[in-house]
Amino acid sequence: MNAIATGHEDLIHDIAYDHYGRLLATCSSDQFIKLFTRVVPSAEWTLLSSFKAHDANIFSLSFAPPQYGLLLASCSEDQTVRVHSSIDNGHTFAKIATLSDSGGPVHQVAFAKFGGHGLKLACIGADGVVRVYHAADPADLRQWHLAFEKVVDKDGLLSTGVAARDLQGDFAVDWCPSGTVRASWFTYELGIDMDDVELPRVDRLTIAELAVEQFVASSMSKVVVFRKRLNGGIYEYEPTEELPGHTDIVRDVAWASNASVGGRYELIATACKDGWVRIFKLTTRRMGGVPATEYRNGGAGTVSGNSEIGADEDDLGYEVELLDQFDHHKSEVWKVSWNFSGTVLSSSGDDGRVRFWRAAYTGKFVGLGVASAEQGSNDEMDD
Amino acid sequence: MSGAGPTSFSPSFGGPRPIFSTFEGPMGTPAKESSSITKLFTSPLASGRTTTVEGIRDTSEAEEEMKDEDDSVFTYTLPDAPIAAGRLRDWQDRKRTLKFTLPPLYNSGIAWIDGKKVDGGDQVPIVPDEVKIFPAEIPDSAYSDEYTKFVVDSHELYRALSDADQIGEPMDPSENILPKYATTFLEILDAARRRIFDERLSEAYVVCHCLFASYFADPGIMRAEAVMDWLNQYDPRPTTEETRDIMTTPVPYDEPGFWEFVQKLALRGLFFQCSNCLKEAGIPCADPESKRALQTGTSILETAPKGAKAFEGHRQWRARAIAFGEQCTKLSDARLRRGLIALANILRGDSDTILALSESWQEGTAALFLFHDPAPSRLPEYYQMAVAEFPVDLTVISEAGCAAIIAGDIPKALSVAERLDVCVAAHIADFCDRQRMLDDFYNIETLDLPPFRDWLFMAHAINCCANPGTWFIGVAYLKDTEGTAGLSIIRESITHVYLDTEATLTELLDLCKELQFDTEARQIVMAWSKLQLSRNQVGSALEWLDSIGNSLEIRAITWQLLESNLLKGLTLPDAILQRYLVSPHLCPAMIREFIAPYATYFAFKGHLNEGDIVEAAQYLASLIQFGFLPGRFFGALLGELLPLIDRSQPRALPTTELIAIMNSLYQWEKDTRKYTEGIQFLAKSLSATREAAADMAEDDWRVEYGNVSAKEVIKLVRSKLVTEVSRAYLEGV
């Protein structure tokens, strides 16, 4: 399939697929969003619609789960997140909400992927604050309320609370796809091992599904997992674990599906300016009395120990382990993306290459291949 | 999975990885025919070899080492690649970077060029390539049509085998069905690789053929013969050229390479060719001993034991070969003597001769297996002898896989096969699993890992799920895996399957029901109902929502129906909705409950159109007084009342109704939020009239009041209501 001219008049900053992968939205500094549809069976992308969505650079896009209709969120340098709705399969969009709580340009927006949590979107901007909005009434998607906001890393910001425009900064957020087995949570909740329970497989799967609402956010070089936990009788998001070891600005974060490992652990990938793609393994364990983080910067597989933020005795949490890290880009890495099962990771960056990593039987990741944007790269030994 | 990849990937595969054979020329010897039974396989694993997860890890680490040492991963160029060859540095100097994202389900993503956030923004002018998007596939994962056929055929065979085989039950050797299915799978794979012309699939075929020859040989063929057949097929020797160079000369025997040629034929088990060669070569038999020796030699070659009885007959035949060797020592013709003795040494399985004449570890192993002692348990021993002379070239993936197979390290072989083609690897793992060849592999190290066969099937199934048209095949495999991972993958992907038709929807919901995926079923139904709404199939959407008891959505849709009609005028409902509106008793209870306001409005409009003003007014009045009516609709409904309370019309509402409406109006105006929302909506409704005046129905009340403000409309309604009450009073009703 050949390259497709989008018709944008400025650089494209983000691309988002709808839930089925049949619609593709692009956003640009030209302030427009363009929607493309995948033609069956040729699989070519053709332009479906185009509309001006913001009054400044548009940085990020996200489609909502389809049970809420065709909803597209965008965020921009104009400090807003906007929600657009289409009732004609993407031929036209109407703005239905503007969320303008951010104190700076909004860098990334992401709808919660698992519809079971309700219609929620998270965003993070140059003020370093991650915000979660909730549309409680599916009958009225114009109404969104700010359910949560928290500074991810106040140390990385200026005293004004906003990253300076003339300095490099980056912020990212991604939801846990969830909706899949969380056997480990079940194990800890009840204090029994799922494997010891004599249950039909399907029943076990159903029981094990404790849909934990969680997302990962990065601000400058800090990456933090937020999870909804019971606190004083109410469930609310809290920063729970930190993914350590980043020595420069984190450009992107991506939370993988845990389906292929049967929910035994979570995988989160980060793309960093320091040139490393990192894959963190988060395994559920009971907190309390575990030594603080001892992160040895270096080789892949280094165990980070307990990196929980403010862990309480008997809390459930993740043991964070650096499963793998790769510096093959030999330059800044800007984007990481998982396949649906969490078995293939892509990374891309300044070397003009997309690198693919696949999970081997042992759970470790190995190189799968490289797609190069530089002509004549076939047959080459990639350098 | 080379066969899966687009043709554009293929060139890159040829570079870093040499291959054994290009499969040109004849593809091996004719099939052996025998009806007798070969001795049942004895696993080399049982002969002391302990296979661990290290076997798997080794191959992963080998990949990693390779990657670290020379970074030799497969590279392909994006179509219309935007960076000119060798100009990466220039591109980077433009402060550009490459980004890529994968879609929710499929294996084909999109790459694009973005600017780097440096020093307050990007000032470099844009070039056309920088506003393009570049489709890119995960290497070896996208199915071509031809490869899809292979996947489908393989799955059908897998299903048939599963139906025929009872996993876990020890099989009677005579009832072993696996060789038959293995042969069929090999035929399917052979056909696929010939259609697809892909080196990696061809390499996978070599590995698969080697495995099946070594462990799943047809009962009618001796295993050693099967292994030699495998070798002759993927690396045929002597070549067609060598045969022609010798045998087309006037006197082949006079050719310097004659004996080498004959010995190669023997070494490869090509007995009839070898015998014919000796007969037709013009060997001068000056004395009777020479003639007798030649006759003995050709006779031994022609009576080489074959088929199921070959194993039993081998010892006797070998004794004849030994005697033949002794007979040849007495020959006076030195050249003939040396040649025939070497031939005899091959036939009697002399390891020194065989290894000296062999050119590869495969040839040495296969020849020792065929001639020395064809007991399957000795195969790893022969392998060790051969590799001591000819090291395995581990840089050739298929060679590494075949070496692992011959050495008896099946998990490692499967791991290597997985690097070539995961579909092939999964299926051959299934055969090995059914033959209980992987039992020794599962131990303490694999406790936290899924069974290797399952893991391979999951990897294959994930690819199936991520390719259009093979999702249900992927699901079928996943359902057959142990543990919860397979079901989790189905659960993760099932909502991403596009609901193109109701048949797809039904199929997915049936699967949800079978697997008790209640949450996913609800999500799918909700997504389908949204699709139906976007297709204006409101009735169908409501029915599906009713099927999952989603009252919240039904309520939302029915209010949206009313809203849409108040804004755009009456629109014709679809067939299902029309049926429910006309015959409420046909309507499911939950839908009936929530559709009531819209149904009332629909009835009001119907009577109005028919000129039945009294009936129309009663429906409208009841709607206006509906206790749960959202405040935003109130103003617009009052507007609808205007034509009905005009003095030019006969009186449509009794006093009590008029007073009740006035009371509702009063209550609405008192509630600031409701009033504000109602005025805003009414204003929107009026402005819609102005924007689409031409499309408005003539009897739409807004045609007359389109230029009046919302508040004025309410004022007018109140005034008319008061007038109408007084009129009723004067008329004494």
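Since the structure is predicted, the reported quantities are computational estimates derived from the model, not experimental observations. (Residues numbered from 1 in each chain as written. Chains lettered and ligands numbered in written order. Predicted model: local features only at pLDDT ≥ 70, side-chain atom pairs only at ≥ 80, totals over all residues. Heavy atoms only, no water.)

Engineer: Report on the overall build of chain B, specifying residues and quantitative values.
Structural biologist: When you go through chain B residue by residue, the secondary structure sums to 34 helices and four strands. Across the 733 residues of chain B, 57% fall into the buried class. Looking at chain B alone, contacts between residues at least 24 apart form 69% of all its contacts between residues at least 6 apart. Accessible surface computed for chain B: about 30000 Å², of which carbon and sulfur atoms make up 52%. (Helix = DSSP H or I, 4+ residues; strand = E, 2+ residues; numbered from the N terminus. Buried < 20%, exposed > 50% of the residue type's maximum accessible area, 1.4 Å probe, protein only. Contact = heavy atoms within 4.5 Å. Areas by Shrake-Rupley, 256 points an atom, 1.4 Å probe, with all protein chains shown as cover.)

Engineer: Tell me about the packing of aromatic side chains, residues and numbers included.
Structural biologist: What describes a pair of aromatic rings is the distance from one ring centre to the other and the angle between the planes of the rings. Tallied over the full model, the rule gives 46 aromatic pairs over all chains. Seen in terms of ring centroids, Phe150(B) and Phe185(B) are 6.3 Å apart; in terms of plane orientation they differ by 45°. Their pairing is tilted. Here the residue Phe150(B) occupies a position in helix H4 (residues 145–164), and Phe185(B) occupies one in helix H5 (residues 178–196), the gap between them amounting to 35 residues. Per residue, the accessibility class of Phe150(B) equals that of Phe185(B), and both read buried. Between Trp559(B) and Phe626(B), the ring centres sit 6.3 Å apart and the planes meet at 35°, which makes this aromatic pair tilted. Taken together, the residues span a long stretch of sequence, with Trp559(B) in helix H26 (residues 551–568) and Phe626(B) in the loop between helix H29 (613–624) and helix H30 (631–641) at a distance of 67 residues. Three or more aromatic residues joined by ring pairs make a cluster, and in this case those are Tyr143(B), Tyr147(B), Phe150(B), Phe185(B), Phe212(B), Phe216(B) and Phe431(B). Arg22(A) extends its terminal NZ or CZ atom over the ring of Tyr498(B), reaching a point 3.7 Å from the ring centre. A cation over a ring is seen here: Arg335(B) above Tyr253(B), with NZ or CZ 4.2 Å from the ring centre. (Phe/Tyr/Trp six-rings, centres within 6.5 Å; stacked < 30°, edge-to-face > 60°. Lys NZ or Arg CZ within 6 Å of the ring centre and 35° of its normal.)

Engineer: Describe the confidence of the model for chain A, and please don't skip the residues or the numbers.
Structural biologist: All names here are of chain A. Taken over all residues, the pLDDT of chain A has a mean of 81, while the share at 70 or more is 75%. Long-range and interchain partners of residues 180–195, a stretch whose pLDDT sits below 50, account for 53 contacts in this model, where long-range means more than four residues apart. Confidence drops under a pLDDT of 50 for residues 289–307, and excluding neighbours within four residues, the segment shows 45 contacts in the predicted structure. (pLDDT = per-residue confidence, 0-100.)

Engineer: Provide a residue-level description of the state of the cysteines, including the pertinent values.
Structural biologist: All names here are of chain B. Per the stated rule, a full pass over the model turns up zero disulfides over all chains. Cysteine Cys-432 shares no disulfide, and the gap to the nearest cysteine sulfur, in Cys-208, comes to 9.4 Å. Residue Cys-465 stays outside any disulfide, its sulfur separated by 6.8 Å from that of Cys-464, the closest cysteine. (Disulfide = S-S within 2.5 Å.)

Engineer: Help me get a handle on the interface of chain A and chain B, residues and values and all.
Structural biologist: Every contact between the two is made by 108 residues of chain A and, on the other side, 118 residues of chain B. Buried area between chain A and chain B, summed over both chains or domains, comes out near 9500 Å², and the portion from carbon and sulfur atoms is 58%. Scanning the region where chain A abuts chain B turns up three salt bridges. Residues Lys116(B) and Glu332(A) are paired through a salt bridge, measuring 3.6 Å at the closest nitrogen-oxygen approach. Inspection of the region where chain A meets chain B yields 28 residue pairs in polar contact (both at pLDDT 80 or more). At the level of elements, strand S1 (4–5), strand S2 (12–17), strand S3 (23–28), helix H2 (201–208), strand S22 (333–338), strand S23 (344–349), strand S24 (353–359) and strand S25 (365–372) of chain A are the ones that each hand at least two residues to the side of chain A that touches chain B. Tallying contributions element by element places S25(A) first for the side of chain A that touches chain B, with eight residues. (Buried area = accessible area lost by both parts, 1.4 Å probe. Salt bridge = Lys/Arg side-chain N within 4 Å of Asp/Glu carboxyl O. Polar contact = N/O pair within 3.5 Å; in protein donor to acceptor, adjacent residues only side chain to side chain.)

Engineer: Which residues make up the packing of helix H9 (residues 258–267) of chain B against helix H10 (residues 271–280) of chain B, and what are the values?
Structural biologist: All names here are of chain B. Running from amino to carboxyl end, H9 crosses H10 at an angle of 155°, the nearest separation of the two axes being 8 Å. With respect to their mutual orientation, H9 and H10 come out roughly antiparallel. Of the two elements, H9 crosses H10, and the hand of that crossing is left-handed. In contact with Phe-258, Trp-259, Phe-261, Val-262, Leu-265 and Ala-266 of H9, H10 contributes Phe-271, Gln-273, Cys-274, Cys-277 and Leu-278. Taken together, the residues that form the contact of H9 with H10 break down as ten nonpolar, one polar and no charged. (Axes fitted to C-alpha atoms, helices over the stretch in contact; angles between N-to-C directions. Parallel < 35°, antiparallel > 145°, perpendicular 65-115°, else oblique. Left-handed = near helix turned anticlockwise from the far one by under 90°. Nonpolar A, V, L, I, M, F, W, Y, C, P; charged D, E, K, R; others polar.)

Engineer: Go over the sheet that holds strand S8 (residues 81–86) of chain A, please, and point to the residues and values.
Structural biologist: Residue and element names in this part refer to chain A. Spatial ordering of the open sheet is given by S6-S7-S8-S9, a layout of four strands whose pairing is antiparallel. Taken across any chain shown, the strands that pair with only one partner, and hence form the sheet edges, are strand S6 (58–63) and strand S9 (94–99). Averaged over neighbouring strand pairs, the angle between their axes works out to 25° when direction is ignored. With six bridges joining them, strand S7 (residues 70–76) and S8 adopt antiparallel strand pairing. The residue bridging Leu-70 from the neighbouring strand is Ser-86, located in S8. (Pairing = 2+ DSSP bridges.)

Engineer: Give me the packing of helix H11 (residues 288–302) of chain B against helix H13 (residues 334–347) of chain B: which residues, what numbers.
Structural biologist: All names here are of chain B. Two elements in contact, H11 and H13, have axes separated by 11 Å at closest approach and are oriented at 25°. On the basis of the axis angle, H11 is roughly parallel to H13. Crossing of H11 over H13 shows left-handed handedness. Taking contact as the criterion, the partners of Ser-290, Ala-293, Leu-294, Ile-300 and Leu-301 in H11 are, on H13, Leu-336, Leu-340, Leu-343 and Leu-347. Its residues assigned to classes, the contact of H11 with H13 shows eight nonpolar, one polar and no charged.

Engineer: Any chance you could break down the sheet that holds S2(A) for me, citing the residues and the numbers?
Structural biologist: All names here are of chain A. Reading across the sheet, the four strands line up as S2-S3-S4-S5 and stay open at both edges, with antiparallel pairing between neighbours. Two strands lie at the open edges of the sheet, namely S2 and strand S5 (45–52), each paired on one side alone. Averaged over all adjacent pairs, the angle separating strand axes in this sheet is 20°, with direction ignored. In the sheet, S3 pairs with strand S4 (residues 32–38) via five bridges, with the strands oriented antiparallel. In the sheet register, Thr-26 faces S4, and the bridge partner there is Lys-34.

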